[in-house]
Structures are given as C-alpha cells and as structure tokens.
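Overview (structure and organization)
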Amino acid sequence: MVAPGDFAGRSRRERAGVPRSAAEAAAVLTLRGLPGVGAVRLRELVDRFGSPRAALAADPEDFAEMAGSRAEEKRRRGVPSRGALKLTERGVGEGIALLAYGTAGYPSALNDLNAPPSLIYALGRTELLRDPGVAVVGSRRATAYGRRIARQLGASLAGRGRCVVSGMAMGIDAAAHRGALPGPTAAVLGSGVDVVSPPRNAALYREILESGVVVSEYAPGVKPEPHHFPVRNRIIAALASDVVIVEASRRSGALITAGLALDLGREVHAVPGPIDRPNSEGTNRLIADGAGVIVDAGLNDATVHGAPPPPEPELRELLEVIPAAPVTVEEVALAADRPVEEVATSVTVLEIRGYLTPTRDGRVMRTPGRQDMVVREGSRVRRWPGRDVRAAASPPARQQLH
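Description of the structure in this document.

Along any regular strand the residues' side chains alternate between the sheet's two faces. Here strand β7 (residues 240–245) lies mainly inside the structure; six of its six residues are buried. Judged from the five bridges that link them, strand β3 (residues 133–137) and β7 form a sheet pairing that is parallel. Counterpart to G133 in the pairing with β7 is A240.

As structure tokens, then:
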C-alpha cells in the first residue's frame, strides 16, 4: 500500500521507469475514485493544491475541508489504487500520452469548460493540442456536396497550419480529416484512443496517427456508447477557436457542438445548403439566427491568404465585430458600443476599401475573400439584436447523436 506522502515525491514505480505523467494520471484516477469527487471537485482540489499528486498528499484536515470526510477517510486507507496504477502503466506501455488536469501538457483550451476532463488520453502529435484549432463537423449521412466542402475546408485550414478538429465519424467528420491530411488534424473519439470507431475508418485512423493526434477522455479499451458522443462534443468545441457546421439536419448532433461552442464563446459558422434538403435545415437555421456564413471553401488565394487588415486601429476593431451575415449599421454600432454616426462613416470607408459589401436592403457584411470567414484570431461570437443562434443550436437531448 502506498501512502499519500510517497505519491507526492518520486514513488518506487517512477524510479522503476513509470514517468511523472503516469504518476499524475494515477493520482487523477485515484481522486476520481473517492466519494463525491467528480470532475468539478477534482478541478477545485487541483487548483487549490497545485497538482493531482499534491492534492493526494495534502494535509488531512485541508483535504477533508475540500473533498469531504468520506473522501478523506477512503484516502487514508492507501493511495494510489492498484487499478489506477495498472491502467496508467498500460497506457504508458502502449505509447499513449496521459495528460492530467493541472499538469504541463494538458490542453489549456479545455480549462474553459466548467468541468474539464480530469484526464486526457492521446496518441500522436500531442503538441497540436497546445493552440486552438478549427472544428469542422456535420452530419454522418452527408451528401456528396457536404463531403466535398468539408474536404476543401479541411485542406484550406491545414494549409494555413491550423489543426482541423473533428470526431472521425462517417460523413462530414471523416471528409474534414481527409482534407486536412497530411497536415495537422485532431480526432476526438467517443471511445478509447486504441479503439477505432467506426471500424470502417481504420485506414483514416492510421493516417491521422501519422501526422495528427487522436484524443479521448475514455480509458484505453473503452468501446463507443451512444451517451459518449455528446460528452466528446464538448471537447471538440473547447479545442477549437471556431466551429464550422457543414451539413446538419434539424436534429443533428452537430448542433449540440454548435451550442456548446457558443457557451464557450467560440465563433460558430455554417455552410448554407438547399432549402429543400433535410441536411440543410440545421445549418440554414443557424445562419438565419446569426451564425457566420461560409460562402467560400477557402481554396482560392484571396481566402487562403486573406487581405491585410486596415492599418487604423479603430477600423480594425470595427471590422472585427461585423459578421459574415448582413447586419444594419445600427446593429454594428450597438455591438461596437459606438455612436451610430461614427460607425456609419467608418462603414463607408470599409466599403470603399472593399472590406465590406453592401446588400440591396441597405445592410452590410464582410466581403468574401477579403476577410477570413473561418478563422479570425481573437474573435468571439456576437449576439445581434433579435437573433438567437443558441436556440437553433440546442436540439432535444433525445436526438440522433453525432
């Protein structure tokens, strides 16, 4: 039996060759096995004591104050648990990276979640998780048009050096990954990272491992279950600065990802489709409710490289709040918190320079190809008056999951 103090320092198992990351991972699994310690409580413990192992080695009174007397009583019986050590040693033996919350290497973007995964398993280039990528998701029952656009978007984004994040499902997800290859791409699974799901994507899985990364919060060997997918969708949304929905029916699980992205303050974009096609119902509704419109797959030079931003700081800031969908000058002024008269003058300047395009009804929108409509560094979703993207992105929980 290993005592808490042993676990805080270099344990016998570490000296035998188990790396520190595995020891921290075992500490996470041990903490999660204590009564009343879920993802939120574990986050509080790690934030308070500095690391998972430090939390396990904390003063009994301090630990009981944070985790409760029942958790402290079980902790005193001996930690880490044999099951936790066995699982982490298995992961290390199979070359799986173990990224524990509160330790170096853990994707910082996941900290935006209210209950971030306590432990992430990863195979491949884990360095791709350091910076936010761009999520490209959509229907599993994709049309040829949807698959083509997803593939083009994946290629364009990867060509810019952006990591394309998706769920490796059939349809849009798989097409986005294939488009990104051999560039950077991250597949977030609803199973263990060593379980290919769906099996038909085995070849794609191997290709992703060569130049990308496969990620999951489920332990190695865990099979996919329906309830895993909405949980994994929150990771897809968190790992991205922008989320692009290519095709989605009214009940598509991709809309769950869109809703989660909005909750996290990520940008949400949608690809328009024919109004008489079921696969366009969800995306067209997102656009009608204020999501950014993707009108170019990004494979022409103007869109790939983008136009230089205006040199004037006030014009750059104003352009940042104008979406790819038509809006009035009054809406822009409200979003920018500036006088309407001042905004009207600036909008005219941006139109003359080609950054904005006026619509026939007197509104304006960003000009396609002049301003990158998929990735805008540092941007966040704006909720325009009278529009609610969240309503379209929150289908019933019983829906068919992505």
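A few words now on the sheet that holds β3. With respect to topology, nine strands assemble into an open sheet ordered β1-β2-β6-β5-β4-β3-β7-β8-β9, the strand pairing being mixed. The open sheet terminates on both sides in strands that have one partner only, identified here as β1 (97–100) and β9 (292–293). The pairing of β3 with strand β4 (residues 164–166) spans two bridges and is classified as parallel. Note that in β4 the partner of A135 across the bridge is V165. Lying over the sheet, helix α3 (residues 20–32) contacts β1 and β2 (119–124), oriented at roughly 55° with respect to β1. Where helix α10 (residues 172–180) meets the sheet, it contacts β3, β4 and β5 (185–188), and its direction lies at approximately 155° from that of β4.

With respect to the helices, strands and loops of the structure, V215 is situated in strand β6 (residues 213–216). On the accessibility criterion, V215 (2% relative accessible area) is buried. Residues V215 and G192, 23 residues apart in the sequence, show an inter-C-alpha distance of 8.3 Å. With near-sequence residues (within four places) excluded, V215 lies in contact with I120, Y121, L129, A187, V188, L189 and V193.

With that settled, the discussion passes to the packing of aromatic side chains. Counted by the stated rule, this structure contains one aromatic pair. Here Y101 and Y106 contribute two aromatic rings whose centre-to-centre distance is 5.5 Å and whose plane-to-plane angle is 85°, an arrangement assigned as edge-to-face. Here the two residues Y101 and Y106 agree in accessibility, since each one is buried. The ring of F63 has R75 lying over it, and the distance from NZ or CZ to the ring centre is 4.3 Å.

Let us look at the environment of T257. Assignment of secondary structure puts T257 in helix α13 (residues 254–263). Placed 26 residues apart in sequence, T257 and V231 show a C-alpha to C-alpha distance of 9.7 Å. Filtering out sequence-adjacent residues up to four positions away, T257 remains in contact with V137, N233, I236, A237 and V243. Side chain to side chain, T257 and N233 meet in a polar contact 3.4 Å long.

Among the nonpolar cores identified, the biggest contains 73 residues, and L31, V37, L45, F63, L110, V165 and I245 are the most heavily contacted of them. Ignoring any residue separated from it by four or fewer positions in sequence, one finds V165 in contact with G133, V134, A135, V136, A186, V188, I236 and L239.

Here we come to the pattern of salt bridges. One pass over the full model with this rule turns up 11 salt bridges. With its nearest N and O atoms 2.8 Å apart, the salt bridge here joins D112 to R266. One end of the pair, D112, is in the loop between β1 and β2; the other, R266, is in the loop between α13 and β8 (267–270), with 154 residues separating them in the sequence. Exposure remark for R266: the relative accessible area of 5% places this residue in the buried category.

Calculation rules
- Residues numbered from 1 in each chain as written.
- Predicted model: local features only at pLDDT ≥ 70, side-chain atom pairs only at ≥ 80, totals over all residues.
- Heavy atoms only, no water.
- Buried < 20%, exposed > 50% of the residue type's maximum accessible area, 1.4 Å probe, protein only.
- Helix = DSSP H or I, 4+ residues; strand = E, 2+ residues; numbered from the N terminus.
- Pairing = 2+ DSSP bridges.
- Contact = heavy atoms within 4.5 Å.
- Axes fitted to C-alpha atoms, helices over the stretch in contact; angles between N-to-C directions.
- Phe/Tyr/Trp six-rings, centres within 6.5 Å; stacked < 30°, edge-to-face > 60°.
- Lys NZ or Arg CZ within 6 Å of the ring centre and 35° of its normal.
- Polar contact = N/O pair within 3.5 Å; in protein donor to acceptor, adjacent residues only side chain to side chain.
- Core = buried A, V, L, I, M, F, W, Y, C linked by side-chain atoms within 4.5 Å.
- Salt bridge = Lys/Arg side-chain N within 4 Å of Asp/Glu carboxyl O.

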